[in-house]
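Examining the three-dimensional arrangement
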Amino acid sequence: MQMVARDVYQLPLTPRSGVNAYLVGDVLVDSGYPLHFKKLLRATASRTIHAHALTHAHADHAGGSKKLKSMLGIPIWVGADDAAGLRSGRSEPGDVPFGRSALKSYMKFPGVEPDRELREGDELAAGFVALETPGHSPGHLAYWREEDGTLICGDVFFNMSLATTAVGLHTPPGFFTPDPAQNRESARRLAALQPKLVLFGHGPPLRDPIALSAFAAALVD
Ligand SMILES: [Zn+2]
């Protein structure tokens with residue numbers, strides 16, 4: 001667990017920050033794939049966690065959420081339009097030419113009942129508020145702290161290549177993104193905030209607002 005900003009810790013769940021969770025104040029943001037659960041518990045063992053919030057209800061972010069809720073007895077918060085996906089443990093893939101049903105079963109995770117549905121402007125912890133950033137999922141949320149320009153962007157941007165794990169900005173893969181055009185809108189919105197620090201679901205932290213703006217400006221519809 002590594003402190004990346006005041007009251008914010010990164011929890012890399014795989015090497016090279018391939019899958020991340022974050023501790024924000026006393027709220028744990030995301031839980032990785034189901035297989036990361038023990039690692040997540042070990043990493044946060046010395047901390048008191050009062051709630052678990054999601055950026056979105058996908059298997060690599062909500063995979064351990066059901067177990068977290070039952071073991072720690074903490075409430076789960078999710079973007080309102082991802083509540084149904086969290087409940088069912090199913091999420092919509094992108095537009096793929098074939099293998100849609102295989103992809104859907106790959107994307108399944110243990111469903112769990114959310115305790116709170118978050119909307120634009122709702123407070124997370126430690127000065128962060130939720131921003132509705134749909135596209136990669138219908139109820140995708142980013143978390144923003146204006147005071148020091150820290151942004152938890154979820155999967156609106158990736159800061160690594162899924163193919164090679166090389167560090168660099170990308171949009172999320174099309175096969176996991178039901179509405180890429182809407183995600184580009186969300187990407188432009190987040191880049192316009194000119195965040196000083198961006199924390200990703202996938203990839204290491206980025207402290208380069210100009211690189212983020214340039215990337216977002218080059219996105220083509
Ligand atoms: Zn993801």
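The preceding data block contains the structure.
A brief look at the structure comes next. Note that this is a predicted model, so its numbers are computed, not measured. (Residues numbered from 1 in each chain as written. Predicted model: local features only at pLDDT ≥ 70, side-chain atom pairs only at ≥ 80, totals over all residues. Heavy atoms only, no water.)

What about the sheet that holds strand β9 (residues 141–145)?
For the record, the criterion: Any two strands are treated as partners once DSSP identifies two or more bridges connecting them. Numbering of helices and strands runs from the N terminus; a helix is a DSSP stretch of H or I covering at least four residues, while a strand is a stretch of E covering at least two. Lines are fitted to the C-alpha atoms to define the axes, a helix being fitted only along its stretch in contact, and any angle between axes, read from their N-to-C directions, falls within 0 to 180 degrees. The contact criterion used throughout is that any non-hydrogen atoms of two residues lie within 4.5 Å.
The 4 strands lie next to each other as β8-β9-β10-β13, forming an open sheet whose pairing is mixed. If you trace the sheet from one side to the other, it starts and ends with β8 (129–132) and β13 (197–200), each paired once. Strand after strand, the sheet turns through a mean of 25° between neighbouring axes, direction not considered. Relative to β13, strand β10 (residues 150–154) runs parallel, the two being bridged by 4 bridges. The residue of β13 that forms the bridge with Leu 151 is Val 198. On top of the sheet, helix α6 (residues 180–192) reaches β8, β9 and β10; it is set at about 140° to β8, its chief contact.

Structural notes on the coordination of the zinc ion
To keep things clear, this is the line we draw: Atoms of type N, O and S within 2.8 Å of a metal are treated as its donors, and for Na, K and Ca the window is 3.2 Å; water is not considered, so some sites may appear to be missing partners. Remark: exposure states derive from per-residue accessible area (1.4 Å probe, protein chains only) relative to the maximum for the residue type, with buried under 20%, exposed over 50%, and partly exposed in between.
Within the protein, the zinc ion binds to Asp 60 (OD), His 61 (NE2), Asp 155 (OD) and His 202 (NE2); these donor distances fall in the range 2.0 to 2.2 Å. Written as a sequence motif, the donor residues of the zinc ion are D-H-x93-D-x46-H. You can see Asp 60 sitting in helix α2 (residues 59–62) and its partner Asp 155 sitting in the loop between β10 and β11 (158–160), a full 95 residues away along the chain. Each member of the pair, Asp 60 together with Asp 155, is buried.

Observations regarding the sheet that holds strand β5 (residues 51–53)
Read from one edge to the other, the open sheet built from 7 strands follows the order β1-β2-β3-β4-β5-β6-β7, with strand pairing classed as mixed. The outermost strands of the open sheet, each flanked by one partner alone, are β1 (2–5) and β7 (116–118). Pairs of neighbouring strands in the sheet enclose a mean axial angle of 30°, with direction left out of account.

Thoughts on the environment of Lys 104
The residue Lys 104 is located in helix α5 (residues 100–106) in this model. For Lys 104, a relative accessible area of 35% puts it in the partly exposed group. Discounting residues that sit within four places of it in the chain, Lys 104 has contacts with Glu 92 and Pro 93.

Points about helix α7 (residues 209–217)
Since the α-helix packs 3.6 residues into each turn, any two residues three or four apart lie on the same face. Test applied: Here the arc refers to the set of directions running from the helix axis out to each C-beta atom.
Along α7, the residues that are buried comprise Leu 212, Phe 215 and Ala 216. Buried residues of α7, seen end-on, are gathered within an arc of 95° and therefore sit on one face of the element. Projecting away from the buried face of α7 at angles above 90 degrees are the exposed residues Ile 210 and Ala 217. In this structure, the buried side of α7 is in contact with β12 (167–170), α6 and β13.

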